[in-house]
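# Coordinate inspection notes
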Protein chains: 2
Amino acid sequence: MKFEHEMNSPVLVLDEDQSWQLLSHTSHGRVATSVAGLIDIVPVNYGVHNGKLFLRTAPGNKLAAMSINEKIAFEADGILSDEAWSVVVHGSAEVLEHEADIKEARESGVSPWIPTQKDFWIRVNVDSISGRHFQLGEQPEVAE
Amino acid sequence: MKFEHEMNSPVLVLDEDQSWQLLSHTSHGRVATSVAGLIDIVPVNYGVHNGKLFLRTAPGNKLAAMSINEKIAFEADGILSDEAWSVVVHGSAEVLEHEADIKEARESGVSPWIPTQKDFWIRVNVDSISGRHFQLGEQPEVAE
């Protein structure tokens, strides 16, 4: 994807389509949760399907402790030598139990980081998605 | 760094020294905050110095809204073709205002993503650090 920055502006705010496109080309992100007042952050693999995020993770992962429809934040990013992007999703996560839901989750193509036979599936129903693209550069010196 | 997994174990729990070492070789992570009940996640550049994390970010960044000693979670990771690692820090973040603190922050070598003359500095006093190393592999099929 090409991103056209306004002159001298190192940050470009992306629209929803651009943000989804960036998410669909990557498979690794992080989920932030706040359960019982304790904030935490967990790396995850994810897949995108029908405007939802799907996660697949192993037993014992902290995400298993989430309540139904727990509010979460999710981030994925990419960094090259002279540019970077970051997409943030806010939504509600639920552990999937019904076969029809798990079938939809499988269609997202998400695979877990580590091999296990008992991993579970999580769907994130998206409330909002936002993204930014950065042109990386040197910090200008403050004039004395 | 070399990580010795026990046979057939795809996950290795790292000790604090290993976790700090991994952090010191990378400069990009994410901070999760929960301010007024709203969970959020922000990409950051960071530096490590004297067992603390230092962040440097632009005005308007959501991190500027943090209270003094706000509890945060921080994550950095790295992914190669057949292995991955993730380090998570829990701690308290504070925006630095005194010159002596900012001097220490500068020694961490942290640089921001984007050029600005008015960025500010944040110190994370670390409560805990943990890390995991993953040997990536195929998901085994469940026997029918």
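Residues numbered from 1 in each chain as written. Chains lettered and ligands numbered in written order. Predicted model: local features only at pLDDT ≥ 70, side-chain atom pairs only at ≥ 80, totals over all residues. Heavy atoms only, no water.

## Points about the pairing of strand E5 (residues 70–79) of chain A
All names here are of chain A. Most of E5 is tucked away: eight of the ten residues are buried. Here strand E2 (residues 28–35) runs beside E5; their pairing, made up of three bridges, is antiparallel. Across the sheet, the residue bridging to arginine 30 is glutamate 75, located in E5. Where E5 folds back onto strand E6 (residues 83–95) in an antiparallel hairpin, the turn is made up of three residues. (Buried < 20%, exposed > 50% of the residue type's maximum accessible area, 1.4 Å probe, protein only. Helix = DSSP H or I, 4+ residues; strand = E, 2+ residues; numbered from the N terminus. Pairing = 2+ DSSP bridges.)

## A look at the packing of aromatic side chains
What characterises a pair of aromatic rings is the spacing of the ring centres plus the angle enclosed by the ring planes. All names here are of chain B. A full pass over the atoms with the stated rule returns two aromatic pairs over all chains. Between tyrosine 46 and phenylalanine 74 the ring centres are 5.0 Å apart and the planes differ by 80°, which places this aromatic pair in the edge-to-face class. With tyrosine 46 in strand E3 (residues 38–49) and phenylalanine 74 in strand E5 (residues 70–79), this residue pair connects regions lying 28 residues apart in the sequence. Neither residue differs from the other here; tyrosine 46 and phenylalanine 74 are each classed as buried. (Phe/Tyr/Trp six-rings, centres within 6.5 Å; stacked < 30°, edge-to-face > 60°.)

## Comments concerning the pairing of strand E7 (residues 120–135) of chain A
Residue and element names in this part refer to chain A. Inspection of the sheet shows strand E1 (residues 11–14) paired to E7 by four bridges, in the antiparallel sense. Looking at E7, one finds that valine 13 is bridged to arginine 132. Judged from the five bridges that link them, strand E4 (residues 52–57) and E7 form a sheet pairing that is antiparallel. Paired with phenylalanine 54 across the strands is arginine 123, a residue of E7. With 13 bridges connecting them, E6 and E7 associate as antiparallel partners. Its bridge partner being in E7, valine 88 is matched across the sheet by serine 130.

## Some words on helix H2 (residues 99–107) of chain B
Residue and element names in this part refer to chain B. Within H2, burial applies to Asp101, Ile102, Glu104 and Ala105. The buried side chains of H2 occupy one side of the element, clustering within an arc of 155° when seen end-on. Looking at H2, the residues exposed on the side facing more than 90 degrees away from the buried face are Glu99, Ala100, Lys103 and Arg106. Those residues of H2 hidden inside the fold are in contact with E3, strand E4 (52–57) and strand E7 (120–135). Note on H2: the residue one or two positions beyond its end, glycine 109, has a positive phi of about 80°. (Arc of directions from axis to C-beta. Contact = heavy atoms within 4.5 Å.)

## Regarding the confidence of the model for chain A
Across chain A, the average pLDDT comes to 86, with 87% of residues at or above 70. Mean pLDDT across the elements of chain A bottoms out in E4 of chain A (90) and peaks in helix H1 (residues 16–24) of chain A (96). (pLDDT = per-residue confidence, 0-100.)

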